[in-house]
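# Report on the structure
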Amino acid sequence: MLRIQRVSILLFVSLFCITIVRSQRVAVRNNLMYDAALSPNFGMELRLDSTWTVGMNVGFNLWDYNKAKNQKWRHVMVSPNLRHYNKEMFRKSFWGIHAVYSHYNVGNVKFPFGLYKEVRDKRRQGDLVAIGGSWGYNWWLTGRLHIEAEIGMALGYTWYKEYECATCGTYLGKYCQLIPLPKLGINLVWTIGPKR
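Residues numbered from 1 in each chain as written. Predicted model: local features only at pLDDT ≥ 70, side-chain atom pairs only at ≥ 80, totals over all residues. Heavy atoms only, no water.

## Section: the overall build of the protein chain
The helix and strand tally for the protein chain stands at 2 helices and 9 strands. Ordered by position from the N terminus, the helices and strands of the protein chain form the series α-β-α-β-β-β-β-β-β-β-β. For the protein chain, buried positions account for 42% of its 196 residues. Excluding contacts between residues fewer than 6 apart, the proportion of contacts in the protein chain whose partners are at least 24 apart in sequence is 60%. Per element, the accessible surface of the protein chain, about 10900 Å² overall, is 66% carbon and sulfur. (Helix = DSSP H or I, 4+ residues; strand = E, 2+ residues; numbered from the N terminus. Buried < 20%, exposed > 50% of the residue type's maximum accessible area, 1.4 Å probe, protein only. Contact = heavy atoms within 4.5 Å. Areas by Shrake-Rupley, 256 points an atom, 1.4 Å probe, with all protein chains shown as cover.)

## As for the pattern of salt bridges
Counting across every chain of the model gives 8 salt bridges. Across the salt bridge formed by Glu148 and Arg29, the nearest N and O atoms sit 3.0 Å from each other. Remark: Arg29 occurs in strand E1 (residues 26–31) and Glu148 occurs in strand E8 (residues 145–163); sequence separation between them is 119 residues. Take Glu148 and Arg29: they sit in the same class, and that class is buried. Two residues, Arg83 and Glu150, come together in a salt bridge whose shortest N-O distance is 3.0 Å. Of this pair, Arg83 sits in strand E5 (residues 71–85) while Glu150 sits in strand E8, and the two are 67 residues apart along the sequence. Residues joined by salt bridges that share partners form a network here, namely Arg29, Glu45, Arg83, Glu148, Glu150 and Lys183. (Salt bridge = Lys/Arg side-chain N within 4 Å of Asp/Glu carboxyl O.)

## A word on the packing of aromatic side chains
By the definition in use, this model includes 6 aromatic pairs. Arranged with centres 5.7 Å apart and planes meeting at 85 degrees, the rings of Trp52 and Trp95 form a pair that is edge-to-face. Highlighted residues: Trp52 in strand E3 (residues 52–61) and Trp95 in strand E6 (residues 93–107), separated in sequence by 43 residues. Ring centres 5.3 Å apart and planes at 45 degrees place the aromatic pair Tyr85 and Phe94 in the tilted group. Residues Tyr85 and Phe94 agree in their burial class; the two are buried. (Phe/Tyr/Trp six-rings, centres within 6.5 Å; stacked < 30°, edge-to-face > 60°.)

## Details of unusual backbone geometry
Phi at Lys92 is positive, roughly 55 degrees, even though this residue is not glycine. The residue Lys92 is located in the loop between E5 and E6 in this model.

## Here we look at the environment of Gly156
Inspection of the secondary structure puts Gly156 in strand E8. Between the C-alpha atom of Gly156 and that of Tyr101, which follows or precedes it by 55 residues, the distance is 9.2 Å. For Gly156, the contacting residues outside a window of four places in its chain are Val129, Ala130, Gln177, Leu178 and Ile179.

## Here's the deal with the side chain of Thr158
Counting through the fold element by element, Thr158 comes out in strand E8. On the basis of relative accessible area, Thr158 is assigned to the buried category, the value being 3%. At 2.5 Å, the side chain of Thr158 forms a polar contact with the side chain of Tyr104. Setting aside its immediate chain neighbours within four residues, Thr158 contacts Tyr104, Asp127, Leu128, Tyr175, Cys176, Gln177 and Ile179. (Polar contact = N/O pair within 3.5 Å; in protein donor to acceptor, adjacent residues only side chain to side chain.)

## Re the nonpolar core
Residues Met77, Val100, Tyr104, Val106, Leu128, Ala130, Ala154, Tyr160, Ile179 and Leu181 constitute the largest nonpolar core, which totals 10 residues. Contributions of two or more residues to this core are made by E6, strand E7 (123–140), E8 and strand E9 (171–192). The element that contributes the greatest number of residues to this core is E6, accounting for 3 residues. Apart from residues lying up to four places away in sequence, Ala130 is in contact with His98, Ala99, Val100, Ala154, Leu155, Gly156 and Leu181. One finds Tyr85, Met89, Phe90 and Val189 within the second-largest nonpolar core, a separate group that totals 7 residues. (Core = buried A, V, L, I, M, F, W, Y, C linked by side-chain atoms within 4.5 Å.)

Printed below as a string of structure tokens:
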């Protein structure tokens, strides 16, 4: 896990150094839906040309969701992405591809829309990698501030250890599986650089 995190950070820093010279504008973002789930997050997007950008999103949750009910959704997530804006960078609609790496410890949690029912009464601790696509749209609020909505889907591969309950239950074994990984975001975005 540590090696993948180091490679991801090195890749992001390299992309940042290569593109910052050419970048006239940079965007920083925060996904308000992750915030609502008590998962702090941060994203950065750098210009490649007038319609293409490259970026990185990171997020984490290092505490128990609800100690009284032994609920936990601990995770660390790194997600590089590449976007193409249909008209102009940071304006109107875009589509993109993204990858995800996450280390997680989740148990006794009921996810919305019936997703991941297996962790409602069991605990899983492991890693996940995924790749997928998304579509989104930007609405400008001021010269630098805008809101964007993004929806997408990824296919993930996870390997994990499973336990009988959310705390210290019986060890059930090691498993791996393919899982769908939906992407839904309402991002508050601030652009840095020359105004549009």
